[in-house]
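These are the residues of each chain, in order.
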Amino acid sequence: MNKAQLKVEGGKLIKIQLETVDDKIKKVKITGDFFLHPEELIDDMERTVTGASLDEKAIADRIKKFILRNKAVLLGASPEDFAKCIVMAGVDNG
Amino acid sequence: MVEYWRLLDTGLHDAFYNMALDEAIVLARSKNLVPNTIRFFRWEPSAVSIGHFQSMEEEVDTSACDKKGIDYVRRRTGGGAVYHDRDGELTYSIIMNQDHRLISPDFQKTYETLCLGLVRGLRRLGVQAEFKPINDIIADGKKISGNAQTRGMNVVHQHGTILLKVDPSLMFSVLRVPNEKIRDKMVKTVEERVTSLERVLKRDVGFDELKESLVKGFEEAFNIKLVDGTLTSFEEQNSSRLIIEKYATTEWNFRR
């Protein structure tokens, strides 16, 4: 399990735990002090990036689409911030 | 026409009851069984609450809490870990219908609107309080109040804290730090960033004095009248149920 954390400028803290297989996301756990509404969506938001390559833009796109599709609201962290932190955790893998 | 809201002061309770009762009031409000409500409460024993998306293991030194008899609970709202000192902090909740004139679809705007009640109340005490996005109230440039909001079932629920006294070293004895070497540094950082009524006003402020000011602040800012009320049996029954089914369970508190 690889970890990374990112303090968003003017926003909140994101923590990522990541498992990858062949440079693709197998499982991600997103924690932190950000806001996501409705809160129950967090598990599905984690699942929405499963199978994605460790590419910031691709991951951000998936999360963006997920947010739009579910009429969700993020506060203190953006899809790009989550993507950046996930890739940071992936790079940490070596 | 005057808009009447219910005022509750539920006093000292443990963390599980406190969080369960907030949700029970939300349920009651969603079924239109109770009016819009502002609730004041405190924590006995002192407790740590964590945000909906935080990891209990990563944020809280639960064995230190167990030794000190400090409760730990996950909130239904997002945001960060908070140490709720029995004698140093007042907590409030606002529970209201989402189609109310004060509520915007924009969460950030709504934080500012609802926090204005606190800001007005603090200013009445002589504290030059200001709202600071995303969800803080500051005085002398330091945080004095943290707030968290959620919505669902056509109800807006915001709760938050006002610090009367602050002891950062006690705070960090129950919150996790990345490593022991930086514990002192983190305590110092909190000293620099967090303040309390005692520090700002250089005198002791009692809970009753603070609550009285906040009531007036909410009434002015929201253009409402607060009327002392009591809990309904629906709220009491549901809070008991939610303690057992949710807030006192390992499944909920350690789910992330």
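Just above, that's the structure.
A brief report on the enclosed structure follows. (Residues numbered from 1 in each chain as written. Chains lettered and ligands numbered in written order. Predicted model: local features only at pLDDT ≥ 70, side-chain atom pairs only at ≥ 80, totals over all residues.)

### Quick notes on helix 4 (residues 107-124) of chain B
Residues and elements named next belong to chain B.
- The terminal C-alpha atoms of helix 4 lie 26 Å apart, and with 18 residues this matches the ideal 26 Å at 1.5 Å per residue to within 8%.
- For helix 4, the full list of buried residues reads Phe107, Tyr111, Leu114, Cys115, Gly117, Leu118, Val119, Gly121 and Leu122.
- Just beyond helix 4, the residue with positive phi is glycine 126, at close to 95 degrees. (Helix = DSSP H or I, 4+ residues; strand = E, 2+ residues; numbered from the N terminus. Expected span 1.5 Å × (residues − 1). Buried ≥ 20, exposed ≤ 12 C-beta atoms within 10 Å, placed from the backbone.)

### Thoughts on the sheet that holds strand 3 (residues 24-32) of chain A
Residue and element names in this part refer to chain A.
- With antiparallel pairing, three strands are arranged side by side in an open sheet as 1-2-3. Each edge of the open sheet is held by one strand with a lone partner, namely strand 1 (2-7) and strand 3. Averaged over all neighbouring strand pairs, the angle between strand axes comes to 25 degrees, with direction disregarded.
- Inspection of the sheet shows strand 2 (residues 13-21) paired to strand 3 by eight bridges, in the antiparallel sense. The residue of strand 3 that forms the bridge with glutamate 19 is lysine 27. (Pairing = 2+ DSSP bridges. Axes fitted to C-alpha atoms, helices over the stretch in contact; angles between N-to-C directions.)

### Some points on the sheet that holds strand 3 (residues 47-50) of chain B
Residue and element names in this part refer to chain B.
- Spatially, the three strands line up as an open sheet ordered 4-3-5, and their pairing is mixed. The sheet terminates laterally at strand 4 (71-74) and strand 5 (82-84), the two strands that pair on one side only. Looking at each pair of strands side by side, their axes are set apart by 20 degrees on average, direction ignored.
- Of the strand pairs in this sheet, strand 3 and strand 4 are connected by four bridges, and their pairing is parallel. Along strand 4, the bridge assignment pairs alanine 47 with aspartate 71.
- With respect to the sheet, helix 1 (residues 15-30) is in contact with strand 3 and strand 4, its orientation differing from that of strand 4 by roughly 25 degrees. (Contact = placed C-beta atoms within 7 Å.)

### Comments concerning the packing of helix 4 of chain B against helix 8 (residues 207-222) of chain B
Residue and element names in this part refer to chain B.
- Across the interface, helix 4 lies against helix 8 with an axial gap of 7 Å and an inter-helix angle of 130 degrees. In terms of their interaxial angle, helix 4 and helix 8 are classed as oblique. Considering the relative orientation of helix 4 and helix 8, their crossing is right-handed. Along the contact surface, helix 4 presents Leu116, Gly117, Leu118, Arg120, Gly121 and Arg124, while helix 8 presents Ser213, Leu214, Lys216, Gly217, Phe218, Glu220, Ala221 and Phe222.
- Within the contact of helix 4 with helix 8, the residues separate by chemical class into six nonpolar, four polar and four charged. (Parallel < 35°, antiparallel > 145°, perpendicular 65-115°, else oblique. Left-handed = near helix turned anticlockwise from the far one by under 90°. Nonpolar A, V, L, I, M, F, W, Y, C, P; charged D, E, K, R; others polar.)

### Some remarks on helix 1 of chain B
Residue and element names in this part refer to chain B.
- When the terminal C-alpha atoms of helix 1 are compared, their 23 Å separation across 16 residues agrees well with the 22 Å that a helix rising 1.5 Å per residue should span.
- Burial runs high along helix 1: 15 of the 16 residues are buried.
- Looking one or two residues beyond helix 1, the residue adopting positive phi is asparagine 32, at roughly 60 degrees.

### Considerations on the interface of chain B and chain A
- In this complex, chain B contributes 17 residues to the contact, which on the side of chain A involves 14 residues.
- Elements with a minimum of two residues in the side of chain B that touches chain A: helix 4 and strand 9 (142-152) of chain B.
- Looking at which element gives the most residues to the side of chain B that touches chain A, the answer is strand 9 of chain B, with three residues.

### Things to note about the packing of helix 1 of chain B against helix 9 (residues 233-247) of chain B
All names here are of chain B.
- Where helix 1 contacts helix 9, the two axes come as close as 8 Å, and the packing angle between them is 125 degrees. In terms of axis orientation, helix 1 runs oblique to helix 9. Note on packing geometry: the crossing formed by helix 1 with helix 9 is right-handed. Packed against helix 1, whose contacting residues are Phe16, Tyr17, Met19, Ala20, Leu21, Glu23, Ala24, Ile25, Leu27 and Ala28, the element helix 9 presents Phe234, Glu235, Asn238, Ser239, Leu242, Ile243, Lys246 and Tyr247 at the interface.

### Regarding the environment of Gln54(B)
Residue and element names in this part refer to chain B.
- Along the polypeptide, glutamine 54 turns up in the loop between strand 3 and helix 2 (56-59).
- For glutamine 54, a count of 24 C-beta atoms within 10 Å gives the class buried.
- Here the alpha-carbon distance between glutamine 54 and arginine 74, two residues 20 residues apart in the chain, equals 8.2 Å.

### Comments concerning the environment of Met171(B)
Residue and element names in this part refer to chain B.
- When you line up the elements, methionine 171 lands in helix 5 (residues 168-172).
- On the neighbour-count criterion, methionine 171 (19 C-beta atoms within 10 Å) is partly exposed.
- Between the C-alpha atom of methionine 171 and that of aspartate 85, which follows or precedes it by 86 residues, the distance is 8.6 Å.

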